[in-house]
Amino acid sequence: MRVAREPIMARPLLKIHRYFRRKPVRFFSFILLYLTAGSLVFLHSGFSSDTSTTGASGSGRDPLISEGGGSTGAGSSTSDGLRLLGRVFKETRRAPRRFGPPWRKENRAQDAPEWAGRGFDRTSSWSHGAKGRTTKEMDDGRAKYIGCYVDDTQRRALRGVSFLDYKKMTVFRCQDSCAERGYLYAGLEFGAECYCGHKIQAPNVSESECNMECKGEKSNLCGGPNRLSIYRLELSQESARRYGSAIFKGCFKRPDNVTLALPASSVIKNMSVDKCVDMCTEKEFSLAALAGEKCHCGFPTPLFTLHEREDEELCLQRCAGEDFESCGNNDFFVVYQTQVQDNRCMDRRFLPTRSKHLVALASFPGAGNTWARHLIELATGYYTGSYYFDGSLYNKGFKGERDHWRSGRTICIKTHESGKKEIETFDASILMIRNPYKALMAEFNRKYGGHIGFASQAHWRGKEWPEFVKNYAPWWASHTLDWLKYGKQVQVVHFEDLKRDLFSELKGMVIFLSLEVSEDRLLCVEGQKDGNFKRSGLRKLEYDPYTPEMRATIDGLIKTVDTALRKRNLSGVPEEYKPR
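Below or above, wherever it landed, is the structure these notes cover. Sequence order as written defines residue numbering, which begins from 1 separately in each chain. Only residues with pLDDT of at least 70 are given local features in this predicted model, and only at 80 or more are side-chain atom pairs given and counted; all residues enter the totals for whole chains, interfaces and linings. Working from all heavy atoms in the structure, the side-chain values ignore hydrogens and water.

Re the overall build of the protein chain
- Elements are defined by DSSP. Helices are runs of H or I of four residues or more, strands are runs of E of two residues or more, and each kind is numbered from the N terminus. Helix and strand counts for the protein chain stand at 19 helices and 22 strands.
- The buried label goes to any residue with under 20% of its type's maximum accessible area, the exposed label to any with over 50%, and the partly exposed label to all in between, with areas taken from a 1.4 Å probe on protein chains only. Looking at the protein chain as a whole, 48% of its 580 residues are labelled buried.
- Summarising the internal contacts of the protein chain: among those between residues at least 6 apart in sequence, 74% fall at separations of at least 24.
- Accessible area of the protein chain: about 29,100 Å², with a carbon and sulfur share of 51%. Note on contacts: a residue pair qualifies if any of its non-hydrogen atoms lie within 4.5 Å across the two residues. Using a 1.4 Å probe, the Shrake-Rupley method yields the accessible areas, and only the shown protein chains count as cover for residues.

As for the side chain of Asp-342
- Residue placement: Asp-342 occurs in the loop between strand E17 (332–337) and strand E18 (359–363).
- Residue Asp-342 is classed as buried on the basis of its relative accessible area, which comes to 6%.
- When residues no more than four places from it in sequence are discounted, the contact partners of Asp-342 are Ser-286, Phe-299, Pro-300, Cys-524 and Gln-528.

Topic: the nonpolar core
- Throughout this description, the term nonpolar core refers to a set of buried Ala, Val, Leu, Ile, Met, Phe, Trp, Tyr and Cys residues connected via side-chain atoms within 4.5 Å. In this structure, Leu-431, Leu-440, Trp-465, Trp-476, Tyr-546 and Ile-554 are the most contacted members of the largest nonpolar core, which totals 38 residues.
- Of all the elements in the fold, those that place two or more residues in this core are E18, strand E21 (428–433), helix H13 (436–449), helix H15 (464–486), strand E22 (490–494) and helix H19 (548–567).
- Counting residues per element, this core draws most heavily on H15, at nine residues.
- Counting 29 residues, the second-largest nonpolar core is a separate cluster that includes Leu-351, Ile-376, Phe-495 and Val-510.

Details of the sheet that holds E21
- If you trace the five strands from one edge of the open sheet to the other, you get E19-E20-E18-E21-E22, paired in parallel fashion. Each of the sheet's edge strands pairs with one partner strand only, and the pair in question is strand E19 (385–386) and E22.
- Bridge analysis of E19 against strand E20 (residues 413–415) gives two bridges, and the strand direction is parallel. Residue Gly-385 lies in a different strand from E20, and its bridge partner there is Ile-413.
- Each of E18, E20, E21 and E22 is contacted by H15, which is oriented at about 155 degrees to E21, the strand it contacts most.
- Each of E18, E21 and E22 is contacted by helix H17 (residues 502–512), which is oriented at about 165 degrees to E22, the strand it contacts most. Pairing between two strands is assigned when DSSP locates at least 2 bridges connecting them. Convention adopted: a line fitted to C-alpha atoms gives each axis, helices being fitted over their contacting stretch, and angles between N-to-C directions are expressed from 0 to 180 degrees.

Overview of the pairing of E18
- Most of E18 is tucked away: five of the five residues are buried.
- Across the two faces of E18 the burial is the same, with Val-359, Leu-361 and Ser-363 and Ala-360 and Ala-362 all buried.
- Here E18 pairs with E21 via five bridges, running parallel. Each residue of the ladder has a partner; that of Leu-361, found in E21, is Ile-430.
- Here E18 pairs with E20 via three bridges, running parallel.

Here's the deal with the packing of aromatic side chains
- Working definition: rings of Phe, Tyr and Trp (its six-membered ring) pair if their centres are within 6.5 Å, and the pair is stacked with planes under 30 degrees apart, edge-to-face with planes over 60 apart, and tilted otherwise. Using the criterion set out here, one finds 22 aromatic pairs in the structure.
- Taking the centre distance of 4.8 Å and the plane angle of 55 degrees together, the rings of Phe-444 and Tyr-448 count as tilted. Here Phe-444 and its partner Tyr-448 are both found in helix H13, four residues apart, which amounts to about one turn of the helix.
- On the basis of relative accessible area, Tyr-448 is assigned to the partly exposed category, the value being 30%.
- Among the aromatic residues, ring-to-ring pairing joins Phe-364, Tyr-437, Phe-444, Tyr-448, Trp-460, Trp-465, Phe-468, Tyr-472, Trp-475 and Tyr-546 into one connected group.
- Criterion for a charge above a ring: Lys NZ or Arg CZ within 6 Å of the ring centre, and within 35 degrees of the ring normal. Its end group placed over the ring of Tyr-394, Arg-402 keeps NZ or CZ at 4.1 Å from the ring centre.
- The side chain of Arg-551 reaches across the aromatic face of Tyr-437, ending 4.6 Å from its centre.

Topic: the environment of Asn-369
- The residue Asn-369 is located in helix H10 (residues 369–380) in this model.
- Separated by 45 residues in the primary sequence, Asn-369 and Lys-414 place their C-alpha atoms 7.0 Å from one another.
- Look past the residues within four positions of Asn-369 in its chain and what remains in contact with it is Leu-361, Ala-362, Ser-363, Lys-414, Thr-415 and His-416.
- Two N or O atoms count as a polar contact when they lie within 3.5 Å, although within protein this holds only if one can serve as hydrogen donor and the other as acceptor, and sequence-adjacent residues are included solely when both atoms are side-chain atoms. There is a polar contact of 2.9 Å between the side chain of Asn-369 and the backbone oxygen of Leu-361.
- Within the local environment of Asn-369, its side chain forms a polar contact with the side chain of Ser-363, the two groups lying 3.0 Å apart.

Concerning the state of the cysteines
- We call a pair of cysteine sulfur atoms a disulfide when they lie within 2.5 Å. In the structure shown here, the tally under the stated rule is nine disulfides.
- Note that Cys-319 is cross-linked by a disulfide to Cys-327, the S-S spacing being 1.8 Å. Because the torsion about its S-S bond is 105 degrees, the bridge between Cys-319 and Cys-327 counts as right-handed.
- Its relative accessible area of 2% is what places Cys-319 among the buried residues.

Describing the pairing of strand E10 (residues 227–233)
- Counting buried residues in E10 gives seven out of seven residues, a clear majority hidden from the surface.
- Burial along E10 is two-sided: Arg-227, Ser-229, Tyr-231 and Leu-233 and Leu-228, Ile-230 and Arg-232, pointing in opposite directions, are all buried.
- Here strand E3 (residues 143–150) runs beside E10; their pairing, made up of seven bridges, is antiparallel. In the strand pairing of E10, Cys-148 is matched with Ser-229.
- Relative to E10, strand E5 (residues 185–189) runs antiparallel, the two sharing five bridges. Residue pairing for E10: Leu-188 is matched across the bridge by Ser-229.

A look at helix H7 (residues 171–180)
- Burial within H7 is extensive, with seven of its 10 residues counted as buried.
- Among the residues of H7, Val-171, Cys-174, Gln-175, Asp-176, Ser-177, Cys-178 and Ala-179 are the ones counted as buried.

Focus on the environment of Thr-384
- In this fold, Thr-384 is placed in the loop between H10 and E19.
- Residue Thr-384 is classed as buried on the basis of its relative accessible area, which comes to 0%.
- Polar side-chain contacts of Thr-384 include one of 2.8 Å to the side chain of Glu-377.

Re H13
- Expected span of a helix, by definition, is 1.5 Å for each gap between consecutive residues, and there is one gap fewer than residues. Spanning 14 residues, H13 covers 19 Å between terminal C-alpha atoms, matching the ideal 20 Å at 1.5 Å per step.
- Of all the residues in H13, the buried ones are Pro-436, Tyr-437, Ala-439, Leu-440, Met-441, Ala-442, Glu-443, Phe-444 and Asn-445.
- Buried residues in H13 make contact with helix H14 (457–461), H15 and H19.
- For H13, the N-terminal capping position is held by Asn-435, with its side-chain oxygen 2.9 Å away from the main-chain nitrogen of Tyr-437.
- Positive phi shows up at Gly-450, right after H13, with a value of about 90 degrees.

Observations concerning the packing of H17 against helix H18 (residues 519–527)
- At a minimum axis distance of 10 Å, the contact between H17 and H18 shows a crossing angle of 130 degrees. What the angle tells us is that H17 and H18 run oblique. Handedness of the crossing formed by H17 with H18: right-handed. Of the residues in H18, those in contact with Leu-502, Phe-503, Leu-506 and Lys-507 of H17 are Glu-519, Leu-522, Leu-523, Val-525 and Glu-526. Comment on the angle field: the value is read as roughly parallel under 35 degrees, roughly antiparallel over 145, roughly perpendicular from 65 to 115, and oblique elsewhere. Two helices cross in a left-handed way if the nearer one is turned anticlockwise from the farther one by less than a right angle. They cross in a right-handed way if the turn is clockwise.

In short, geometric facts, not functional conclusions.
In structure tokens form, the structure reads like this:
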């Protein structure tokens, strides 16, 4: 019986063997389906575990309002959990309020909620409950810890954008994301939630109530149930303050001829920032100016440049339709920049006739050459060229990047070269100089992280950084010295001066390029000066990467460059990076 049974049992296996032998693709398809099924089971078990854990720890609270304004419990379904775990910022459909200049104390006492006197908008002092945190943790040049605050799912303490991450949330990640969007405050809640805003609208409480560890770093606390650990972002103040979809520009004196300066206007019942910004956006203007019950719309022009900001106290007049906003008055306007793009400086083209006059835009790497190109193209309307070819820059709109640098079709040519032969091929040059401490770090980030990326901690702490400083720091000095020595008609532009006074410095660059200055274009540039290649101003190292030996070397190089500039009757290096 055994002999007769074996061929019968082997027959099905033989058929399967022959089947997959004839059709190997089917065999691999079977394996792929098997592995896919296993992966789905594994992922499902992981999400189930996360959901159950969160639900257990967060019972009785709503960790984050949904996009539509409702609340989402910690024990929500798997599909809701997957939606919430998307690590991207979600602007609410309409920010509940945007907040302008602060109210006078007497108005605040009269109109603010009853808890306002106990903890409202504590921006000027430290929370007395911030015990357990070192000074370095609270004030490291990036952010200051303010304290622990109440948060309500129906009336948020910070009303800007928000996001959550139940696996990798850290204090720094939240701070960096809020600062990158121009907010003044970053708050962390329930160990995994990040909120941004411009004003704290809740009372502070005992520090012991912010007792939950961050999901991505157990060494730091990230608020608690309905409690926010709030930080004031020091560096975000360098950029414009953002209020939902609009950017707060400041308080400005009424222009002499309002009709010409701001051509569209309307009286709005129950005026609010939202209503005025919406009206100007619909009419396709980039500026919304609130004057009491009247809303004016327009663009920056020589009649209304936005260069002379007034004290915000002069604009204090409560909006009829808002509790915490100022709508200005008949003499002083509260101005916001809408999301409408100012197209007066967006047209760019190649030179109509080829030029034999080659102008270099020279700089040490990391000194802001790409940013300067962006500004020059917007201010002049002509493409800039490059001594090199960078596909990523071309794809971002620098169409002159593909042209040969001698084509004569571009207004100036980017170069980092510093040899005598290369320098003498140019008939004139704009020489960009930047603080070497900042330039070296920027170029190191670009080298290991791309144009807007960042080098990893492994690169900073490894052998790459010391070797980089050793080779590049002397080049920073020799680059400037060579262009001063061999360059023809050199105009020096300091990165720090351009950042501080963009209008005047850029105007001087346009004149140097022998072009007629258009103030309307320059004012347009100011409204969209950042471009596509801007790193977050907040994200910086937790420690000083420069050793005393490195600093001694770099300080000596700064003095050398400063002396060379003064010998040519030029202003020396800016005070902010001279050796102390």
